[in-house]
Amino acid sequence: MTADVTGQHGDDDDNQGAPDVDTPETIEDYYARIAAATDAEGRLPVAVEEMPGWDIYPYEVDSLRLKPLRPLVDEEPPRRGENPAECWCAEPMPDDDGMLVWRNERWRLQIARETGLPIALLLSPLEHHDIPSLPTELAAEMGELIVAVGDAIEHLPSVGRFQLAKYGDGGAHGHLFFMGRPARILQFRGSPLIDWEENLPRVPVDVLQRNARVVAERLVVHVGGRAGLLGR
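Residues numbered from 1 in each chain as written. Predicted model: local features only at pLDDT ≥ 70, side-chain atom pairs only at ≥ 80, totals over all residues. Heavy atoms only, no water.

A.B. asks: What am I meant to see in the environment of Pro58 here?
C.D. replies: With respect to the helices and strands, the residue Pro58 is situated in the loop between helix H1 (27–36) and strand S1 (100–103). The spacing of Pro58 and Leu208 is 150 residues in sequence and 24 Å in space, taken between C-alpha atoms. Leaving out residues up to four positions away in the same chain, Pro58 has contacts with Pro192, Asp195 and Trp196. (Helix = DSSP H or I, 4+ residues; strand = E, 2+ residues; numbered from the N terminus. Contact = heavy atoms within 4.5 Å.)

Following this line, the structure appears as structure tokens:
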């Protein structure tokens, strides 16, 4: 059908349901596109030309398949700490728990327990904020801390590069994950590091603390604050 020169259509029903060019896509439309690409069992094909085809991918492709796609849920589930009074920040965390790496008046950096990496750290604001709702001053300071923590992690002899992640699906209190990718193990490069990490033997706490001391010392020098005891 061709529109007339005035831009009017003969039948308004022809455009019924057509999305406005300025309207963001709905989750239903996004999900429908994915569902349309699944097979009879609701499974998406493995995109072998993408991550599974990389030399750093940790799984053998022949035996790999994705789980069936589940239907949309009615709404996002509540996270831990949605009510600030029930969040961990409602009560001050001890500085002598052996896990505190560094802190100042606004931020806390601590060891992430049970990791197979040379170091894994969590950075969180002391006040109850999620990352998207950080006040401007905290957001600016977070940027500086990302640079400083990443630099400190990469000074560990067992680390080749640091990786940074933000998830936030489990907790409403904002937190960033810093991970030290082991040096000279090229299979661990890139995003598959997390998949590898889950299968690596756990690093003893005293080793994590020794590694974290390097990070703490460099942070105190470069951004101030104070180091945690880290088992000392």
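From this point on, the discussion continues.
A.B. asks: What should I look at first to understand a nonpolar patch on the surface in this one?
C.D. replies: The grouping of Ile27, Tyr30 and Leu72 at the surface amounts to a nonpolar patch, some 280 Å² of accessible area in total. Secondary-structure assignment places Leu72 in the loop between H1 and S1. Classification of Leu72 by relative accessible area gives partly exposed; the value is 39%. (Patch = residues over 30% accessible without salt bridge, like charges linked within 9 Å, V, L, I, M, F, W, Y side chains within 5 Å. Areas by Shrake-Rupley, 256 points an atom, 1.4 Å probe, with all protein chains shown as cover. Salt bridge = Lys/Arg side-chain N within 4 Å of Asp/Glu carboxyl O. Buried < 20%, exposed > 50% of the residue type's maximum accessible area, 1.4 Å probe, protein only.)

A.B. asks: In this structure, what is going on with helix H4 (residues 205–223)? I would like to understand it.
C.D. replies: Quick reminder: α-helices carry 3.6 residues per turn. Residues three or four places apart thus point the same way. Along its 19 residues, H4 runs 26 Å from first to last C-alpha, staying within 8% of the 27 Å computed at 1.5 Å per residue. Of the residues making up H4, those classed as buried are Leu208, Gln209, Asn211, Ala212, Arg213, Val215, Ala216 and Leu219. Among the structural elements, S1, strand S2 (107–111), strand S3 (120–125), helix H2 (136–153) and strand S6 (226–227) are those in contact with the buried residues of H4. One or two positions beyond H4, positive phi appears at Gly224, with a value near 80 degrees. (Expected span 1.5 Å × (residues − 1).)

A.B. asks: How should I be thinking about the layout of surface pockets in this particular structure?
C.D. replies: Unfilled space is identified by rolling a water-sized probe across the atoms. Roughly 340 Å³ of volume is contained in the largest pocket. Lining the largest pocket are 18 residues, and of these Arg80, Trp88, Gly171, His173 and His175 lie nearest its centre. Of the residues that constitute the lining of the largest pocket, the class distribution is seven nonpolar, eight polar and three charged. (1 Å grid on protein atoms, 1.4 Å probe; cavity = no way out; pocket = protein on both sides within 12 Å on 5 of 7 lines; lining within 4 Å. Points joined across faces, edges and corners; volume = space filled by probe spheres on them. Nonpolar A, V, L, I, M, F, W, Y, C, P; charged D, E, K, R; others polar.)

A.B. asks: Would you explain the pairing of S3 in this entry?
C.D. replies: Within a regular beta strand, the side chains point alternately toward one face of the sheet and then the other, so they alternate between its two faces. When you tally the buried positions in S3, you get six out of six residues, the bulk of the element. In S3, alternate side chains face the same way, and those of Ala120, Leu122 and Ser124 on one face and Leu121, Leu123 and Pro125 on the other are all buried. As paired elements, S2 and S3 share five bridges and run antiparallel to each other. Its bridge partner being in S3, Leu109 is matched across the sheet by Leu123. Bridge count for S3 against strand S5 (residues 176–182) is four bridges, and the pairing is antiparallel. (Pairing = 2+ DSSP bridges.)

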